[in-house]
Amino acid sequence: MFGVATFSASFLGCKVSHADVQEVRERLLADGHVEADGAEVAVIGTCCVTREAVAKSRKAARRVAGSARRVYLTGCAASLPGALDGLPGNVETVALPSEQTPGFVAGRLGALACATADAGLDRVRAFVKVQDGCGFACSFCVIPAVRGGPRSRPVARVLAEIRRRAEQGHREVVLTGINLGCYRDREAGLDLPGLVRAAGAVPGLARLRLSSVEVNHVTPALLAALRETEPASPHLHVPLQSGDDGVLRAMRRRYTAASFLRRLERAEGFNLTTDVIVGFPGEDDAAFERTLAVIERAGVTRAHVFPYSPRPGTAAAALDPVAVAVKRERSSRLRAAVREARLRAWARKVGSDDTVLVDRPGRGYGDDYSPWLVEGRPVGALVAVRGRAVSEEGILAA
Ligand code: SF4
């Protein structure tokens, strides 16, 4: 349709959205199209995890529709009926499974069949998608409806992509999925712990991390794989959502506050981060206090706090009784508690040694994904550091 097109590719939302857009981008580069500012074609990976995420996706589409000739909206919000209706005429919504999206967008632009460009990300970190979809039925979540059931990429393809990323110069790989712990390559007889071990053996990687894993998948086998695999980081992002058993039941999560804590006790020495939904229907003051207590007991150092917003088509869609002001107040209390815990955890690193992977000027992450401030080191370097002091931004290297 366009011959050689200039294009831009951007995304909203999570690491899966990032990985999906990266796949479209690589396909367009491989077809001979050219990435450029002010491009004639824009691809946007959208998000619908909250009402606000949909609003941001719509805003991004409107903004680029003013300058680009054609805009393709891919990803979660594109598959949520009605979410992206009413946008300008040059915006096309691609409501397809992620596996079919790169081919569809490439077909729209017209393949030139000349592989020319190096499609490496301009980043130290690469997100490698190993799994998509979810078969759970959490009552607040629209993701199974827009992404479908769970499926995994064969391990051979995952390892080939990791090798390619390492050769392109990425020092860190994050294994990414919607419900990562469901990873299975039945033919190869491999689950997530096996994948961690296989991925960690790829030469050239300095760091290997998991994007997010459900607490029921934090098994002794997974912890052992993370502990025993050289580049694997002792970091786990485990969504809590609520620390109240009644709210967890209403959310249709598959654990209690006590079993969440019990499983994470085994992860001693790991840096823990989480997601919490604040103001879910049924969350009264006492329930919120229980969430706060679990967050403090678990020693979480970062929390993505989402004020609850009902998503269309979910079991909890009709309900939203907690007032906005209450959600706001609880969110800021939760963030303040996590900030305190974070500063305490960082203070314990003062005087101790770590290895930092510098991922942008002046900053990087230590072995367990704690942020460090390092001056004068090139992006991509692995730097031996000793903690000197703590700031709001991270641990200051001596
Ligand atoms: S586990 Fe629950 S919250 Fe996570 S994607 Fe599946 S349904 Fe959504």
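The rules we used
- Residues numbered from 1 in each chain as written.
- Predicted model: local features only at pLDDT ≥ 70, side-chain atom pairs only at ≥ 80, totals over all residues.
- Heavy atoms only, no water.
- Disulfide = S-S within 2.5 Å.
- Buried < 20%, exposed > 50% of the residue type's maximum accessible area, 1.4 Å probe, protein only.
- Core = buried A, V, L, I, M, F, W, Y, C linked by side-chain atoms within 4.5 Å.
- Contact = heavy atoms within 4.5 Å.
- Salt bridge = Lys/Arg side-chain N within 4 Å of Asp/Glu carboxyl O.
- Helix = DSSP H or I, 4+ residues; strand = E, 2+ residues; numbered from the N terminus.
- Near = heavy atom within 4 Å.
- Nonpolar A, V, L, I, M, F, W, Y, C, P; charged D, E, K, R; others polar.
- Pairing = 2+ DSSP bridges.
- Axes fitted to C-alpha atoms, helices over the stretch in contact; angles between N-to-C directions.
- Expected span 1.5 Å × (residues − 1).
- Parallel < 35°, antiparallel > 145°, perpendicular 65-115°, else oblique.
- Left-handed = near helix turned anticlockwise from the far one by under 90°.

1. Quick word on the state of the cysteines
Move 1: Applying the stated criterion across every chain yields a total of zero disulfides.
Move 2: Just so you know, Cys47 is unpaired, no disulfide at all, and the nearest cysteine sulfur is the one on Cys48, 6.2 Å from it.
Move 3: Cys47 gets classed as buried once you look at its relative accessible area, which sits at 11%.
Move 4: With no disulfide partner, Cys76 has as its closest neighbouring cysteine sulfur the one in Cys48, 5.0 Å distant.

2. Quick word on the nonpolar core
Move 1: In this structure, Ile162, Leu175, Leu195, Val196, Leu210 and Leu236 are the most contacted members of the largest nonpolar core, which totals 54 residues.
Move 2: In this structure Leu195 touches Val130, Val155, Val158, Leu175, Tyr183 and Leu190, once residues within four positions along its chain are discounted.
Move 3: Ranked by size, the runner-up nonpolar core spans 24 residues in total, among them Ile44, Cys48, Val71 and Cys76.

3. With respect to the pattern of salt bridges
Move 1: Inspection of every chain in the model, using the stated rule, returns 33 salt bridges.
Move 2: Two residues, Arg25 and Glu35, come together in a salt bridge whose shortest N-O distance is 2.9 Å. Of this pair, Arg25 sits in helix H1 (residues 15–30) while Glu35 sits in strand E2 (residues 34–35), and the two are ten residues apart along the sequence.
Move 3: With relative accessibility at 35%, the residue Glu35 sits in the partly exposed group.
Move 4: Across the salt bridge formed by Arg360 and Asp359, the nearest N and O atoms sit 3.5 Å from each other.
Move 5: For Asp359, a relative accessible area of 15% puts it in the buried group.
Move 6: Each of Asp20, Glu99, Lys129, Asp132, Arg147 and Arg151 takes part in one network of salt bridges that share partners.

4. Brief notes about the site of the ligand
Move 1: The ligand sits among Cys134, Phe136, Cys138, Phe140, Cys141, Ile143, Pro144, Ile178, Asn179, Glu214 and Arg253.
Move 2: Of the residues that constitute the shell around the ligand, the class distribution is eight nonpolar, one polar and two charged.

5. Here we look at the pairing of strand E3 (residues 41–46)
Move 1: Most of E3 is tucked away: six of the six residues are buried.
Move 2: Where strand E1 (residues 6–11) meets E3, five bridges bridge the pair, whose relative direction is parallel. Note that in E3 the partner of Phe11 across the bridge is Gly45.
Move 3: Alignment of E3 against strand E4 (residues 70–75), held across six bridges, turns out to be parallel.

6. Some points on the sheet that holds strand E15 (residues 302–307)
Move 1: Reading across from one edge, E13-E14-E15 is the order of the three strands in this open sheet, with parallel pairing throughout. The open sheet has two edge strands, strand E13 (235–237) and E15, and neither has a second partner. With direction set aside, neighbouring strand axes in the sheet form an average angle of 10 degrees.
Move 2: The sheet contact formed by E13 and strand E14 (residues 271–278) spans three bridges and is parallel. Paired with His237 across the strands is Thr273, a residue of E14.

7. Looking at helix H11 (residues 324–347)
Given 3.6 residues per helical turn, the α-helix brings residues three or four places apart onto the same face.
Move 1: The first and last C-alpha atoms of H11 sit 34 Å apart over 24 residues, in line with the 34 Å expected at 1.5 Å per residue.
Move 2: Looking at H11, one finds that the buried residues are Lys327, Arg330, Ser331, Leu334, Ala337, Val338, Ala341, Arg342, Leu343, Ala345 and Trp346.
Move 3: Buried positions along H11 lie against E14, helix H10 (285–298), E15, strand E18 (371–373), strand E19 (382–390) and strand E20 (395–397).

8. So, the packing of helix H9 (residues 257–265) against H10
Move 1: Between H9 and H10, the least distance of the axes is 10 Å, while the angle of their chain directions is 10 degrees. Looking at the two axes, H9 sits roughly parallel to H10. Residues Ala257, Phe260, Leu261 and Glu265 of H9 lie in contact with H10, whose contacting residues are Val294, Arg297 and Ala298.

9. Thoughts on the sheet that holds strand E5 (residues 91–93)
Move 1: With parallel pairing, five strands are arranged side by side in an open sheet as E2-E1-E3-E4-E5. Edge positions in the sheet fall to E2 and E5, since each has one partner strand and no second.
Move 2: Each of E3, E4 and E5 is contacted by helix H2 (residues 51–65), which is oriented at about 175 degrees to E3, the strand it contacts most.

10. Describing the packing of H1 against helix H3 (residues 101–109)
Geometrically, a packed helix pair is captured by the angle between its two axes and the distance between the axes.
Move 1: Between H1 and H3, the shortest axis-to-axis distance is 9 Å and the interhelical angle comes to 40 degrees. Looking at the two axes, H1 sits oblique to H3. Relative to H3, H1 is oriented so that their crossing is right-handed. Along the contact surface, H1 presents Glu23, Val24, Arg27 and Leu28, while H3 presents Thr101, Pro102, Gly103, Val105, Ala106 and Leu109.

11. Details of unusual backbone geometry
Move 1: Residue Gln241 is not a glycine yet carries a positive backbone phi of 70 degrees.
Move 2: Relative to the helices and strands, Gln241 is located in the loop between E13 and helix H8 (245–251).
Move 3: Within the chain, Arg252 stands out as a residue other than glycine whose phi angle is a positive 60 degrees.
Move 4: Within the fold, Arg252 resides in the loop between H8 and H9.
Move 5: For Arg252, a relative accessible area of 47% translates into the label partly exposed.

12. Things to note about the side chain of Ser331
Move 1: Tracing the backbone shows Ser331 in helix H11.
Move 2: Not counting residues up to four positions away in its chain, the partners in contact with Ser331 are Val278, Val305 and Pro307.

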